[in-house]
Amino acid sequence: MFFLQFLRDKIQPGDEVTRSFVEHMLPRLMEQYADVSAKGGDHSKYQQLSAEVRRKFEAKDDQSMVSHLLNGIFPTLRLMKLLDDEKLSEQPFSDIERQVYILSYLMHDVDKIMYHDEGLDGDERKIDTATREAIERTIEKIRGYLERCDVADFFPDYAEYLEDITYLVVNTQQQYGTHLSTYLWRFRLRERRVLALRDLCTYSDQIAYLVQSPSAILLERETHTLRRILQDVSRDELVFTYHQLREVRGLLTNVINSGLISLFTEKREGIWPYLFFSDGVVYIQRKSLKFSLTTEQIVEQVREKLRELCAGVIKSQAPGFKFSIQGIAKHPGYYYEFLSLEEYAALLVDFTIQRTTNDITQIPMGKLRQMQARGEIAANLPLEFETDKQTGMLSRFYSVIFTTLLGSFDKKQAALRERVEQAMVKQLELSPYWEQGKTIPGKGGVE
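Just so it is clear, the structure is predicted and the values come from calculations on it, not from any experiment.

Draft legend 1. Representation of the overall build of the protein chain within the structure. Counting its regular elements, the protein chain contains 20 helices and 7 strands. Here the protein chain, with 447 residues, has 44% of them falling under the buried criterion. When contacts within the protein chain are restricted to residue pairs at least 6 apart in sequence, long-range pairs at least 24 apart make up 63% of them.

Draft legend 2. Region of the structure containing the side chain of Lys-305. Residue placement: Lys-305 occurs in helix H14 (residues 295-317). Glu-308 is the oppositely charged side chain nearest to the buried, salt-bridge-free Lys-305, at an N-O distance of 4.0 Å.

Draft legend 3. Here's a closer look at the packing of helix H2 (residues 16-33) against helix H5 (residues 95-106). It is the contact of H2 with H5, at a shortest axis distance of 11 Å, that shows an interaxial angle of 25°. The orientation of H2 with respect to H5, classified from their angle, is roughly parallel. As for how H2 packs across H5, the hand of that crossing is right-handed. Between H2 and H5, the residues in contact are Val-17, Phe-21, Met-25 and Leu-29 and Asp-95, Arg-98, Gln-99, Ile-102, Leu-103 and Leu-106, respectively. Across the contact of H2 with H5, the residue classes break down as 7 nonpolar, 1 polar and 2 charged.

Draft legend 4. Quick peek at unusual backbone geometry. Not every positive phi belongs to a glycine, and Lys-87 is a case in point at roughly 55°. By the element assignment, Lys-87 lies in the loop between helix H4 (65-85) and H5. The class of Lys-87 is exposed, set by a relative accessible area of 68%.

Draft legend 5. The pattern of salt bridges, seen in detail. Applying the stated criterion across every chain, the model contains 25 salt bridges. Taking the shortest distance from any N to any O, the salt bridge between Asp-236 and Lys-287 comes out at 3.1 Å. Taken as a pair, Asp-236 in the loop between helix H12 (224-233) and strand S3 (238-244) and Lys-287 in the loop between strand S5 (280-286) and H14 lie far apart in primary sequence, 51 residues in all. Across the salt bridge formed by Glu-300 and Arg-303, the nearest N and O atoms sit 2.9 Å from each other.

Draft legend 6. Up close: the sheet that holds S3. Judged by pairing direction, the sheet is antiparallel, and its 3 strands sit side by side in the order S3-S5-S4 without closing on themselves. With partners counted over all chains shown, the strands left at the sheet margins are S3 and strand S4 (271-277), one partner each. Across this sheet, the average inter-strand angle for adjacent strands is 25°, counted without regard to direction. Two strands pair when backbone bridges link them, and S4 and S5 are joined in this way by 6 bridges, in the antiparallel orientation. Its bridge partner lying in S5, Trp-272 is registered against Ile-284. Where H4 meets the sheet, its contacts fall on S3, S4 and S5, and the angle it forms with S4 comes to roughly 175°.

Draft legend 7. Summary view of the packing of aromatic side chains. For the structure on display, the rule yields 16 aromatic pairs. Ring centres 6.5 Å apart and planes at 20° place the aromatic pair Trp-185 and Phe-187 in the stacked group. Neither residue differs from the other here; Trp-185 and Phe-187 are each classed as buried. The rings of Phe-397, Tyr-398, Phe-402 and Trp-434 are connected pair by pair, giving a single aromatic cluster. The positively charged end of Arg-268 is found above the aromatic ring belonging to Phe-291, 4.1 Å away from the centroid.

Draft legend 8. Examining helix H17 (residues 362-373) more closely. The terminal C-alpha atoms of H17, which comprises 12 residues, lie 17 Å apart, in line with the 16 Å expected from a rise of 1.5 Å per residue. Inspection of H17 places Met-365, Leu-368, Met-371 and Gln-372 among the buried residues, and these make up the whole buried set. One face of H17 carries all of its buried residues, which in axial projection span an arc of 115°. Seen from the buried face of H17, the exposed residues on the opposite side, beyond 90 degrees, are Gln-362, Ile-363 and Ala-373. Directly beyond the C-terminal end of H17, a positive phi value near 80° is found at Gly-375.

Draft legend 9. Local environment of the nonpolar core. With 73 residues, the main nonpolar core has Phe-21, Tyr-33, Tyr-101, Leu-103 and Leu-106 as its most contacted residues. At 10 residues, the largest contribution of residues to this core is made by H4. Other than its neighbours up to four places away in sequence, Leu-106 contacts Phe-21, Met-25, Leu-29, Leu-69, Ile-73 and Ile-113. Listed in part, the 20 residues of the second largest apolar core include Ala-311, Tyr-344, Phe-402 and Leu-406.

Analysis parameters
Residues numbered from 1 in each chain as written. Predicted model: local features only at pLDDT ≥ 70, side-chain atom pairs only at ≥ 80, totals over all residues. Heavy atoms only, no water. Helix = DSSP H or I, 4+ residues; strand = E, 2+ residues; numbered from the N terminus. Buried < 20%, exposed > 50% of the residue type's maximum accessible area, 1.4 Å probe, protein only. Contact = heavy atoms within 4.5 Å. Lys, Arg positive; Asp, Glu negative; His and termini not counted. Salt bridge = Lys/Arg side-chain N within 4 Å of Asp/Glu carboxyl O. Axes fitted to C-alpha atoms, helices over the stretch in contact; angles between N-to-C directions. Parallel < 35°, antiparallel > 145°, perpendicular 65-115°, else oblique. Left-handed = near helix turned anticlockwise from the far one by under 90°. Nonpolar A, V, L, I, M, F, W, Y, C, P; charged D, E, K, R; others polar. Pairing = 2+ DSSP bridges. Phe/Tyr/Trp six-rings, centres within 6.5 Å; stacked < 30°, edge-to-face > 60°. Lys NZ or Arg CZ within 6 Å of the ring centre and 35° of its normal. Expected span 1.5 Å × (residues − 1). Arc of directions from axis to C-beta. Core = buried A, V, L, I, M, F, W, Y, C linked by side-chain atoms within 4.5 Å.

Now the structure itself:
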């Protein structure tokens, strides 16, 4: 499946927890929950849901359960790695803690999953942890849904941490059905680490849905909790920032975004691109990092990115490059806008060789011999030799040098053109033949 392979390709070397999750659990998650709604959607066909529950679903924009889960998990795993790499967390997150976090967030909407489980009645869809017996019943419900997704292949020891996972499941949200008291709970992880993972589960739930544009990360009241959690887990070292474009204009927007990312991050430590949108990017940066950008810097950077992008396409494909029937190279004028002189010359040489696939000199040579027979060119000009594909390449190469490149000089640069021409003649060791070659008229297809 393309999507799974795409994710595998993006996993950083050494990140075995994420790789195992993608390999072992994600395929089953997609089978189980691809058509289950996390937010929004039409729920009229689910008659087991009350009218109030249906209204709560349908009041929000659509988001499938799989999208909601992945949109929360990957940014949070990225944050956890960043905290560890920058030594900002109280202690590094272990693989087991990452696995517990992933499983907890996967199940944080278990009530919504149960809403869509037609095999359950009303009471069975309730999550209750008020007593020890209720906690144990809820643990078994969580176990059942995790086992549907091949949890043991991802985390063989998951059963030992089911109570930690269940506590995190019922406490991911901050208002409905939470049970923050740890009384009656029997954790395998240290309680302090469980509470840290609880913050990250809440973070995942909110970043997966509330950040609909780059500016929302700072300007929307609803994202206050995200900002608070980032501050807490980084010990007040990290903050969010963003750039956002007013309009989306296809390829140009992509070029501008790339240019701005470079301006924000290149040659500057302490800032990382984090969430990507069509109209901008959310970054995480160190609170101590201060910088500003000018309009001139942005314009110049975007211009350079556009040049790099277009130059790359031109150099790899040479669109519109061809030879006329006279053997003169032709190409669109925009080559001059995006290529340096060195790049332009290299392209002409490379594609002259690539696009000369046969001997194109036979007809011009025949015409030269006719002109010699009529006395129009010198009788001692050597024309009796065999030609081949390499002869064609050489003739086009000289055409590129002396017609296309030197033809770029205008009339006011005649003296400079003459000096460059003589330098090229000397460099190519053509001096013994040059004056004689200049006697050939540039007409009749022998240019």
